[in-house]
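Notes for the structure review
Here's the letter readout for the chains.
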Amino acid sequence: MSDPDPAKLAASRAAIELVRDGMRVGLGTGSTASVMVRELAAKVQAEGLALRCAATSQATADLAESLGLRIESLDQIGWLDLTIDGADEVDPDLNLIKGGGAAHLREKIVAMASDRMVVIADPGKVVEQLGAFHLPVEALAFGFETTRELIRRALEDLGLKGRPILQRLRDGEPVITDEGNYILDLALEAIPDAPALARALSAIPGVVEHGLFLGICHLAIIGRADGSVVEL
Ligand code: ABF
């Protein structure tokens, strides 16, 4: 594997300093979380820590297990002390957009099952207002076009620009999540009232989960290319 991005490495190293022997830890998804999982596996081995870990995606579970971390289901562990995950956007109040990696459903469940949810990111993820990044919405395949239309109408009611676009792989096939659902990306440019949008999306029956994480994150560790970090 090539050398990890220094900003992601700095954030990851600072975050795993929070991990103590015996902790129950949620492992995030994405390239930043992958760097953290590698660092955590090295720490566990070097310090002989006993951890119980739950993963937010099959990809993360596979990576963690390949590095010697034992993954259990969230229900086996029950509750977590700490979850460390990436994000697509972080605002000054620690509200997030997540789900660019199509894993936000499991990520949100794991985050909300944690005493502490810590985001690791590089400075490019820090924004004044959420919304430049496309907001992912996981939707059931059943009645998918109805769900898309209901989302479109909800956006219109809220005066938001943008339309729901089915997320596709390079070969044109729809992205299918770990739970077998589709992802709709909402290209909104800006989200002036994130709680109102979150409520409207959650009220649509075919919406399984959206990527707005409001009031869930406790700490964001922003790594910089020079190896330093800032905390939000
Ligand atoms: C997960 O991975 C997601 O919720 C977010 O979409 C993405 C961030 O990925 P990366 O660290 O690769 O930018 O944390």
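Structure: above.
Throughout this description, residue numbers start from 1 for each chain and increase along the sequence as written. Residue-level local features of this predicted model are given only where pLDDT is at least 70; pairs of side-chain atoms are given and counted only at 80 or more, and the full residue set underlies all totals for whole chains, interfaces and linings. To get the side-chain values, all heavy atoms of the structure are used, and hydrogens and water are removed first.

What about the sheet that holds strand S5 (residues 96-97)?
Selection rule: Paired strands, as defined in this entry, are two strands with at least two bridges between them according to DSSP. Helical segments are the DSSP runs of H or I of at least four residues, strand segments are the runs of E of at least two, and each set is numbered from the N terminus.
One open sheet holds the 3 strands; their spatial order is S4-S5-S11, and the pairing between them is antiparallel. The open sheet has two edge strands, strand S4 (89-90) and strand S11 (212-213), and neither has a second partner. As paired elements, S5 and S11 share 2 bridges and run antiparallel to each other. When the bridges of S11 are listed, Ile97 appears paired with Leu212.

Some points on the nonpolar core
Basically, it comes down to this: Take the buried residues of types Ala, Val, Leu, Ile, Met, Phe, Trp, Tyr and Cys, join any two whose side-chain atoms come within 4.5 Å, and each joined set is a nonpolar core. The buried label goes to any residue with under 20% of its type's maximum accessible area, the exposed label to any with over 50%, and the partly exposed label to all in between, with areas taken from a 1.4 Å probe on protein chains only. The contact criterion used is simple: two residues touch if any of their non-hydrogen atoms lie within 4.5 Å.
By size, the foremost hydrophobic cluster in this structure holds 28 residues, and its most contacted members are Leu27, Leu40 and Leu51. At 5 residues, the largest contribution of residues to this core is made by helix H2 (residues 31-47). Residues contacting Leu27, with those up to four places away along its chain left out, are Met36, Val37, Leu40, Cys53, Ala54, Ala55, Thr56, Thr60, Ala64, Leu69, Ile71 and Ile84. Of all hydrophobic cores here, the second largest spans 23 residues; its members include Leu130, Ala154, Leu201 and Val207.

Overview of the packing of helix H1 (residues 6-16) against H2
Going by this rule: Each axis is a line fitted through C-alpha atoms, and for a helix only the stretch in contact is used; angles between axes span 0 to 180 degrees, taken between their N-to-C directions. Working rule for angles: under 35 degrees goes down as roughly parallel, over 145 as roughly antiparallel, 65 to 115 as roughly perpendicular, anything else as oblique. The hand of a helix crossing depends on one turn: near helix anticlockwise from the far one by less than a right angle means left-handed, and clockwise means right-handed. Under the grouping applied here, Gly and all other residues not named as nonpolar or charged are polar, the nonpolar ones being Ala, Val, Leu, Ile, Met, Phe, Trp, Tyr, Cys and Pro and the charged ones Asp, Glu, Lys and Arg.
Where H1 meets H2, the closest approach of the two axes is 9 Å, and the angle between their N-to-C directions is 50°. Considered as vectors, H1 and H2 are oriented oblique to each other. Of the two elements, H1 crosses H2, and the hand of that crossing is right-handed. Within the contact between the two elements, H1 uses Lys8, Leu9, Ser12, Arg13 and Ile16 and H2 uses Ser31, Thr32, Val35, Met36, Glu39, Leu40 and Lys43. Residue classes in the contact of H1 with H2 are distributed as 5 nonpolar, 3 polar and 4 charged.

Considerations on the site of the ligand
The following threshold applies: What makes a residue near a molecule or strand is one non-hydrogen atom of that residue sitting within 4 Å of it. Pairs of N or O atoms within 3.5 Å make up the polar contacts considered here, provided that, within protein, one atom can donate a hydrogen while the other can accept it, and that residues adjacent in sequence are counted only when both atoms are side-chain atoms. Accessible areas in this description were obtained via Shrake-Rupley with a 1.4 Å probe; residue shielding takes into account the shown protein chains only.
Surveying the vicinity of the ligand reveals 14 residues, the closest of which are Thr29, Ser31, Thr32, Asp88 and Glu107. In the environment of the ligand, an oxygen atom lies 2.5 Å from a nitrogen or oxygen atom belonging to the side chain of Asp88. Between the ligand and Gly101 there is a distance of 3.3 Å, counted from an oxygen atom to a backbone nitrogen or oxygen. Protein coverage of the free-state accessible area of the ligand, which is 360 Å², stands at 89%. Considering only residue class, the shell around the ligand consists of 1 nonpolar, 8 polar and 5 charged.

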